[in-house]
Amino acid sequence: MKKILALILACAWLLTALSGCAGTSSSQAPQASESASTSQNVSQDTDYPKRQIDLIVPYSAGGDTDLAARAIADYLSKEWDQPIVVINQSGAVATAKEFSRAEPDGYTVMAFMSGEASCHNANNVTPTVDFSKDVTPIARLTRFPIAFCVKADAPWADFKEFSDWVVENPDQLTWGASSMTGPAAINVADWCNAIGADFTQTRMVQADGAADGATKVAGGHITVHIGAPKGFMSLVDAGKCRLIAMSPFQHTYYPEIPTAEEQGVPGMTYSNAVCLWMPNGVDQAIIDKWNAGIEKAFADPVFQESMAKIEAMGDYLNAEDTKAFIQEEIDNYTALAEELGLRK
């Protein structure tokens, strides 16, 4: 009887032990799964990029945005051992809208002018793409001043004399732009605001880009075109046009052209910058990797030399500072657009 009782107790103890082991195994399973998931996420962040990255440039090849985008793409392609392919598309704002719907996985990036982004927001109550909400800026690559291009034999000796003429004759000022909702309108409005001229009496003439604008200036069809200095240089070199001022600061590669402020016309603020953007929702670790890579590039003399060859004024800002920079532009230009009735 005692042997039977001992056997029963032994069996009971064994069943309890097996039950305890099974409970421990069950309770540890989710922890193991969670650990594996965390490890996998870290691995994905660390291993980025694993394939080709498309860098969308919604401007033509050879311009400031395109050249800066190609410079950083070339550097990071070598740094990360993965191709970054620059893809030029037409229609800047339409392309940005399409880009905003892209998968936020870090494999589609866009290079876009800060000035165009800010002015699009400023001039449109309902923008096609809201650059403060619909996309995420991740870095600023370059920043450069705008140039005022006039006919080579224009009667004004300097920018102050030209500005004084505009104050007295705003109805005779014609300027080139693709539309009243683009950066050119803000450029002229910014200038008129600084000198006290009546912007509403000036007149816009259709001009698609700096080259077209410079051609119209040379032909006497418009008084002035305002834009990126590089776009005017072929006609300047040919003696058809001249750059009468830079604003709001000097261009590193055109030091012979004085600023507006140096010529007695302070107060203008508009400049332009090449910035990189991603669709909303991209993992912060991917943005951080881009910032680390770009920061390394700007510290590399070889990259600096490549930027100098394309006359790009490198001026790097990280994601947080770029976002603040663009938002400040949007706020300033929106106030100006509202004041002058440009905001529609």
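Structure shown above.
Residues numbered from 1 in each chain as written. Predicted model: local features only at pLDDT ≥ 70, side-chain atom pairs only at ≥ 80, totals over all residues. Heavy atoms only, no water.

Novice: Could you give an account of the side chain of threonine 95, with specific residues and numbers?
Specialist: Secondary-structure assignment places threonine 95 in helix α3 (residues 92–100). Reaching out from threonine 95, the side chain makes a polar contact with the backbone oxygen of glycine 91 at a distance of 2.7 Å. (Helix = DSSP H or I, 4+ residues; strand = E, 2+ residues; numbered from the N terminus. Polar contact = N/O pair within 3.5 Å; in protein donor to acceptor, adjacent residues only side chain to side chain.)

Novice: Lay out unusual backbone geometry in plain terms, naming residues and giving numbers.
Specialist: A negative phi angle characterises most non-glycine residues, just as the trans form characterises most peptide bonds. The linkage connecting tyrosine 48 with the following residue, proline 49, adopts the cis geometry, with an omega of -5 degrees. In this structure, proline 49 sits in the loop between α1 (2–47) and β1 (53–57). Proline 248 follows serine 247 through a cis peptide bond whose omega is 0 degrees. As for its position among the elements, proline 248 is in the loop between β9 (241–247) and β10 (272–279). One non-glycine residue, aspartate 81, lies in the positive phi region at around 60 degrees. Locating aspartate 81 in the fold gives a position in the loop between α2 (64–80) and β2 (84–88). The backbone of glutamate 311 shows a phi angle near 55 degrees, a positive value even though the residue is not glycine. Residue placement: glutamate 311 occurs in the loop between α10 (301–309) and β11 (314–317).

Novice: Lay out the layout of surface pockets with the relevant residues and their values.
Specialist: There is about 1,000 Å³ of room inside the largest pocket. In this structure, the largest pocket is lined by 39 residues; those nearest its centre are Tyr59, Glu116, Asp208, Gly209 and Ala210. Among the secondary structure elements, those contributing two or more residues to the lining of the largest pocket are α2, α3, α4 (114–123), α6 (183–195), α7 (209–218) and β8 (225–227). Of the residues assigned to the lining of the largest pocket, the class counts are 18 nonpolar, 17 polar and four charged. (1 Å grid on protein atoms, 1.4 Å probe; cavity = no way out; pocket = protein on both sides within 12 Å on 5 of 7 lines; lining within 4 Å. Points joined across faces, edges and corners; volume = space filled by probe spheres on them. Nonpolar A, V, L, I, M, F, W, Y, C, P; charged D, E, K, R; others polar.)

Novice: Let's hear about the pattern of salt bridges: which residues, and what values?
Specialist: For the coordinates displayed, the defined rule picks out 10 salt bridges. A salt bridge links aspartate 105 to arginine 51; its shortest N-O distance comes to 3.2 Å. Here the residue aspartate 105 occupies a position in the loop between α3 and β3 (108–113), and arginine 51 occupies one in the loop between α1 and β1, the gap between them amounting to 54 residues. Using a relative accessible area of 24% as the deciding quantity, one classes aspartate 105 as partly exposed. (Salt bridge = Lys/Arg side-chain N within 4 Å of Asp/Glu carboxyl O. Buried < 20%, exposed > 50% of the residue type's maximum accessible area, 1.4 Å probe, protein only.)

Novice: Now, about helix α5 (residues 159–168): what can you tell me, with residues and values included?
Specialist: Of the residues making up α5, those classed as buried are Phe159, Phe162, Ser163 and Val166. Projected down its long axis, α5 shows its buried positions confined to an angular sector of 95 degrees, all on one face. Close packing links the buried residues of α5 with β5 (146–151), α6 and β9. (Arc of directions from axis to C-beta. Contact = heavy atoms within 4.5 Å.)

Novice: Can you break down empty space enclosed by the protein residue by residue, with the values?
Specialist: If you roll a probe as big as a water molecule over the atoms, it shows you where there is empty space left. Overall, the coordinates contain two cavities of 30 Å³ or more when judged by the stated rule. Taken as a whole, the largest cavity spans an internal volume of roughly 50 Å³. What lines the largest cavity is simply Asp64, Leu67, Thr142, Phe144, Lys230, Val274, Ile310, Glu311, Ala312 and Met313. Counting only elements with at least two residues in the lining of the largest cavity, the list comes to α2 and β4 (135–144). Approximately 30 Å³ is the volume found for the second largest cavity. Taken together, Asp64, Phe144, Pro229, Lys230, His251, Tyr254 and Glu311 make up the lining of the second largest cavity. When the residues that make up the lining of the second largest cavity are grouped by side-chain class, the tally is three nonpolar, one polar and three charged.

Novice: Requested: an account of the sheet that holds β3, with residues and values cited.
Specialist: Hydrogen bonding along the main chain pairs the strands of a sheet, whether they run parallel or antiparallel. In spatial order, the strands read β2-β1-β3-β10-β4-β11; together these six strands make up an open sheet with mixed pairing. In this open sheet, the two edge strands, each paired with only one partner strand, are β2 and β11. For this sheet, the mean angle separating the axes of adjacent strands, direction not counted, is 25 degrees. The pairing of β1 with β2 spans five bridges and is parallel. Paired with leucine 55 across the bridge in β2 is valine 86. Each of β1, β2, β3, β4, β10 and β11 touches helix α9 (residues 284–298); the most contacted strand, β4, lies at about 10 degrees to it. Sitting on the sheet, helix α11 (residues 319–340) touches β4, β10 and β11, and the angle it makes with β4 is about 80 degrees. (Pairing = 2+ DSSP bridges. Axes fitted to C-alpha atoms, helices over the stretch in contact; angles between N-to-C directions.)

Novice: Before we move on, could you go through the packing of aromatic side chains and cite the residues and values that matter?
Specialist: The full count for this structure, using the stated rule, is 19 aromatic pairs. Ring centres of phenylalanine 159 and tryptophan 191 lie 5.6 Å apart, and the angle between their planes is 25 degrees; this geometry places the pair in the stacked category. With phenylalanine 159 in helix α5 and tryptophan 191 in helix α6, this pair connects stretches of sequence that are 32 residues apart. Accessibility assignment for this pair places phenylalanine 159 and tryptophan 191 in one class, buried. An aromatic cluster is defined as three or more aromatic residues linked by ring pairs; in this entry it consists of Phe148, Trp156, Phe159, Phe162, Trp165 and Trp191. Arginine 51 extends its terminal NZ or CZ atom over the ring of tyrosine 107, reaching a point 3.8 Å from the ring centre. (Phe/Tyr/Trp six-rings, centres within 6.5 Å; stacked < 30°, edge-to-face > 60°. Lys NZ or Arg CZ within 6 Å of the ring centre and 35° of its normal.)

Novice: A description of the pairing of strand β6 (residues 174–177) should follow, citing residues and the corresponding values.
Specialist: Of the two faces of β6, the one lined by Thr174 and Gly176 and the one lined by Trp175 and Ala177 are each fully buried. Judged from the four bridges that link them, β6 and strand β7 (residues 203–206) form a sheet pairing that is parallel. Counterpart to alanine 177 in the pairing with β7 is glutamine 206. In the classification by handedness, the crossover that spans β6, the intervening α6 and the parallel β7 is right-handed. (Right-handed = clockwise from strand over helix to strand, strands pointing away.)

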